[in-house]
Amino acid sequence: MTYPYLTIDLEKIEHNARTIVRLCADHGIEVTGVTKVTCGSPEIARAMIRGGVGSIADSRFENIRRLREAGIEVPFMLLRLPPLTGVSEAVAGAQLSLNSEPVVIRAISDAALARGLVHDVMLMVDLGDLREGIWPDDLPAVVEEVIGCPGTRLVGLGTNLACFGGVVPTEETMNRLVTLADEIEATFDIRFKWLSGINSSGLELIAAGRMPERINHARIGEAILLGRETTRRRPWPDTFQDAFQLHGEILEFKRKPSVPLGERSEDAFGHTPSFEQRGTVLRALVNIGREDADIDGLVCRDPGMRILGASSGYLVVDVTAAQREADLGDELVFDLNYSALLAAMTSEYVKKRFV
């Protein structure tokens, strides 16, 4: 056994996908499963598809290539805005991309025509989270340009919330997107196929029955993978929160003071850590470090254990009050939040085991 490693329970991911897809379907919303935090894992994409998602979205060309080469045949959405230098790969890899820059969309049109294709475009509108998106006042001019691009097809409007600015999706915000769509459709005599208003932060709004009827598409990752909505990170009903678990091995097991001795300065990462005086404690040194995961996003499975800190290659855990006995060479298991999962999936040092 090589540590550290990440266990990935595909049945739990499939179950979570089925729960989320069923909720959304009851309100007329189609779900695209987002695989970006898993680096485009084909196994995880297949679990999502078995759970009912109709398409897969990812933000990286490398991940979409990996999925296509693995034989995943559902439609793909490029979740991150295409770079001007990568329009050919965007057209080759995905049927639909999210966009906000007219210059890029014109380049996509040219790249699609060169391949004998028409590429679907969803325009992203910034409704206050201040990440990607066209400011609403500028939307008509951009739509006019896109309609004039023969290699693209304008299929919808989308917005992103709760990712950068932490703006929560509300009924009022979603109605703003619907109103913008109504105005654009009336002005240009078109009809949008998709209004993509939400990610995992919109589940509460759906469940409360306050999502406007015209919002018919969701881009869902964390709620499927970790079983949580993302405004308060609360567990979602009938989902698993432990589909992913990080496993490490105890390399050193000793009693030591709880506060460092001697004159102190910054740690290896430029921080000045604080320590609580708890006398002598039993400490486990685990082979998980900041190269492997976001340490702040790890939680010990044993509620009596407590993470004290980490360096690049070590995790220090107080096991004095552990509910089970631990010793040198034993395995410790940790739950992960989204940030920790992202780092663990990206790290080449963390082995992945599907169960």
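Everything in this summary refers to the structure shown in the same document.

Procedures and definitions
Residues numbered from 1 in each chain as written. Predicted model: local features only at pLDDT ≥ 70, side-chain atom pairs only at ≥ 80, totals over all residues. Heavy atoms only, no water. Buried < 20%, exposed > 50% of the residue type's maximum accessible area, 1.4 Å probe, protein only. Helix = DSSP H or I, 4+ residues; strand = E, 2+ residues; numbered from the N terminus. Arc of directions from axis to C-beta. Contact = heavy atoms within 4.5 Å. Phe/Tyr/Trp six-rings, centres within 6.5 Å; stacked < 30°, edge-to-face > 60°. Patch = residues over 30% accessible without salt bridge, like charges linked within 9 Å, V, L, I, M, F, W, Y side chains within 5 Å. Areas by Shrake-Rupley, 256 points an atom, 1.4 Å probe, with all protein chains shown as cover. Salt bridge = Lys/Arg side-chain N within 4 Å of Asp/Glu carboxyl O. Expected span 1.5 Å × (residues − 1).

Focus on helix 3 (residues 61-69)
Three- or four-residue spacings in an α-helix give side chains the same orientation, since the helix completes a turn every 3.6 residues. Those residues of helix 3 that sit buried are F61, N63, I64 and L67. Projection of helix 3 onto a plane perpendicular to its axis shows the buried side chains occupying an angular sector of 160 degrees, all on one side. Buried residues along helix 3 sit in contact with helix 2 (42-50), strand 3 (55-58), strand 4 (76-78) and helix 4 (87-93). One or two residues past the end of helix 3 sits G71, with phi positive at roughly 90 degrees.

What about the packing of aromatic side chains?
Going through the model one piece at a time under the given rule, you end up with 1 aromatic pair. Taken together, a centroid distance of 5.4 Å and an interplanar angle of 35 degrees make the contact between Y3 and Y5 tilted. An identical accessibility class is assigned to Y3 and Y5; each is buried.

Remarks on a nonpolar patch on the surface
Together, L130, W135 and F164 give the surface a local cluster of nonpolar side chains, amounting to about 370 Å² of exposed area. Locating W135 in the fold gives a position in the loop between strand 6 (119-124) and helix 6 (139-147). For W135, a relative accessible area of 44% gives the class partly exposed.

Structural notes on helix 7 (residues 171-188)
An ideal rise of 1.5 Å per residue puts 26 Å on 18 residues; helix 7 measures up with 26 Å between its terminal C-alpha atoms. Of the positions making up helix 7, those classed as buried are T173, M174, L177, V178, L180, A181, I184 and E185. Buried positions in helix 7, seen along its axis, are confined to an arc of 155 degrees and lie on one side of it. Those residues of helix 7 that are exposed and aimed more than 90 degrees away from the buried face are E172, A186 and T187. Next to the buried residues of helix 7 lie helix 6, strand 7 (152-158), strand 8 (194-198) and helix 8 (203-207). One or two steps after helix 7, the chain reaches D189, where phi turns positive at roughly 55 degrees.

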